[in-house]
Amino acid sequence: MNYRIITAIICAAAVLSAMAYERVELRLENSEIYPETTHDIIVTIPDGYISGNPAAVYIGLDGILCNAPSVIDSLSAAGAMPPAIGIFIQPGVVRDSTGTVLRYNRSNEFDSTDGRFAHFLESEIFPAVDSLKLPGNRFLKLTDNPDERMIFGLSSGGIAAFTSAWNRPDLFRRVFCGCGTFVPMRGGHELQVLVRKTEPKPIRIFLEDGYSDAWNPLFGSWFEANTLLASALRFAGYDCDVDWHEGGHSVSGAARIFKDVMKWMWRDYPQPITKGTTSNDMLAPLLDEASEWENAEELPLKGSPKAIYPDSALIAEPIPGSNWLSQTLLDSRGHRHASQQFYWLHSPENRLLKIGGMAFDGNGNLWVVTDAGLQICDQNGRVRAILIMPHDIDVTRCGIVIDDKNVRIDRYSRRLNVTPPKSGIKPASQGQA
């Protein structure tokens, strides 16, 4: 990846601001994550920034919207938020030697839910900004504290803002999403389901949309999709607020409330954003006694691509080439019968999952290590809970063991309120509900 400075100029801030900001324009060329793309970026630096000091970060997608630099400066001057370096990013395009656009990359970058865009921000955008040299031999340093990083986007930029934090809460914990594209375009409609099933993450979120927002009815109603996500976030215990109003697919709604949302977003700073309490009836009991994953300082557990029920009455195994697991009944002599595809796993990125070890708990729930989280299926084969796993696990080699109040995967352990299996004892039936 290459970048070059286009201009570096001092800009006057808005009349209401007591500050001014410095503005630098960059062009990033030939991204490694999005090959041969060009991204134009504006960086704003608050007046009085001390060279090399870690600064809060505001990411704005689709460039400068909602008069963000002036609002940020005004709120910073009033002490309502920390002074922040603004990074305003245009989506990538690919051009030929004559400058003709061969590919618009906005939907691929923003609408995808697979975490590539967050990785792009971390591995390419942040280093480029951090390496900027300013007049007077000054240089920038972006904070690595996720509580001091906020991201805003509109429409496809809105879902990109959300998924950047959802996939990487270690990068972003404050999100403003206007008219978010949580519709069946690239899997965005599945996010509200994943929010309900996944253990809460430390993220604060504000959603905005108009009642008549259906930018393209082919993909459904933007407004209905946003309300479904808001409902899921509240169910899952997130610090979430909304603004629903008359109007359609437009920046005007977000611009009208932008300053107030920024105050809400930073209202208790520097207090860290914490995880909420989910209403998920499988997750909540598990998390009652939860710790974080800790290094067990033991040899890594090796994964077994099957799991046998505590009373040895059935076996679960992956079905090659799919995201299904089969369930096969075993008679008293261990002979197989009545096999069928049974356990359906979530694949948020519409891809073939990597599946590691599996184990049944004492309630007959199947725990499956996947690269989309530790998925927990009920007796009827439905995923009802997803636990976040450490990022550095090799899923395909990762085993799992369920002990009393403790779960081990690979070389990590975590305290959870889980019932261990008892060999030869049949778990109580959960019925067919």
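Residues numbered from 1 in each chain as written. Predicted model: local features only at pLDDT ≥ 70, side-chain atom pairs only at ≥ 80, totals over all residues. Heavy atoms only, no water.

Chemist: Can you walk me through the layout of surface pockets in this structure?
Modeler: If a probe as big as a water molecule is rolled over the atoms, it shows which places are left empty. Roughly 1200 Å³ of volume is contained in the largest pocket. Lining the largest pocket we find 38 residues, and of these Asn167, Lys201, Ile388, Met389 and His391 sit closest to its centre. Those elements giving two or more residues to the lining of the largest pocket turn out to be helix H3 (116-130), helix H4 (156-167), helix H5 (191-197) and strand S23 (383-387). Residue classes in the lining of the largest pocket are distributed as 15 nonpolar, eight polar and 15 charged. (1 Å grid on protein atoms, 1.4 Å probe; cavity = no way out; pocket = protein on both sides within 12 Å on 5 of 7 lines; lining within 4 Å. Points joined across faces, edges and corners; volume = space filled by probe spheres on them. Helix = DSSP H or I, 4+ residues; strand = E, 2+ residues; numbered from the N terminus. Nonpolar A, V, L, I, M, F, W, Y, C, P; charged D, E, K, R; others polar.)

Chemist: Would you explain the packing of aromatic side chains in this entry?
Modeler: Geometrically, a pair of aromatic rings is defined through the distance of the ring centres and the angle of the planes. Applying the stated criterion across every chain, the model contains 19 aromatic pairs. Each ring, one from Phe117 and one from Phe120, has its centre 5.8 Å from the other, and the planes form 40°; the classification is tilted. Taken together, the residues Phe117 and Phe120, both in helix H3 and three residues apart, mark about one turn of the helix. The exposure classification of Phe117 matches that of Phe120, with both residues buried. Ring centres 5.8 Å apart and planes at 90° place the aromatic pair Phe162 and Phe182 in the edge-to-face group. One end of the pair, Phe162, is in helix H4; the other, Phe182, is in the loop between strand S12 (174-178) and H5, and 20 residues separate them in sequence. Summarising the burial analysis for this pair, Phe162 and Phe182 share the class buried. Taken together through their ring pairs, the aromatic side chains of Tyr58, Phe88, Phe152, Phe176, Phe206, Phe258 and Trp264 make up a single cluster. In this arrangement the basic side chain of Arg196 is found over the ring face of Phe235, its NZ or CZ atom lying 5.0 Å from the centre. Over the aromatic face of Trp166 sits the side chain of Lys201, whose NZ or CZ is 3.7 Å from the ring centroid. (Phe/Tyr/Trp six-rings, centres within 6.5 Å; stacked < 30°, edge-to-face > 60°. Buried < 20%, exposed > 50% of the residue type's maximum accessible area, 1.4 Å probe, protein only. Lys NZ or Arg CZ within 6 Å of the ring centre and 35° of its normal.)

Chemist: Explanation requested: the sheet that holds strand S24 (residues 400-403) in the structure shown.
Modeler: Sheet strands associate in pairs through backbone hydrogen bonding, adopting either a parallel or an antiparallel arrangement. The four strands are arranged S15-S26-S25-S24 in an open sheet whose pairing can be described as antiparallel. Strands with a single pairing partner mark the edges of an open sheet, and in this sheet they are strand S15 (294-295) and S24. As paired elements, S24 and strand S25 (residues 406-409) share four bridges and run antiparallel to each other. Paired with Val401 across the two strands is Arg408, which belongs to S25. (Pairing = 2+ DSSP bridges.)

Chemist: So what exactly am I meant to see when it comes to the nonpolar core here?
Modeler: The biggest cluster of nonpolar side chains holds 74 residues, and the ones touching the most others in it are Ile87, Ile125 and Leu366. Ranked by residue count, the leading element in this core is H3, at eight residues. Discounting chain neighbours no more than four positions away, the residues touching Ile87 are Ile41, Ile42, Val57, Tyr58, Ile59, Gly60, Ile125, Phe126, Val129 and Leu142. Leu65, Met81, Ile257 and Met262 belong to the second largest nonpolar core, which has 26 residues in total. (Core = buried A, V, L, I, M, F, W, Y, C linked by side-chain atoms within 4.5 Å. Contact = heavy atoms within 4.5 Å.)

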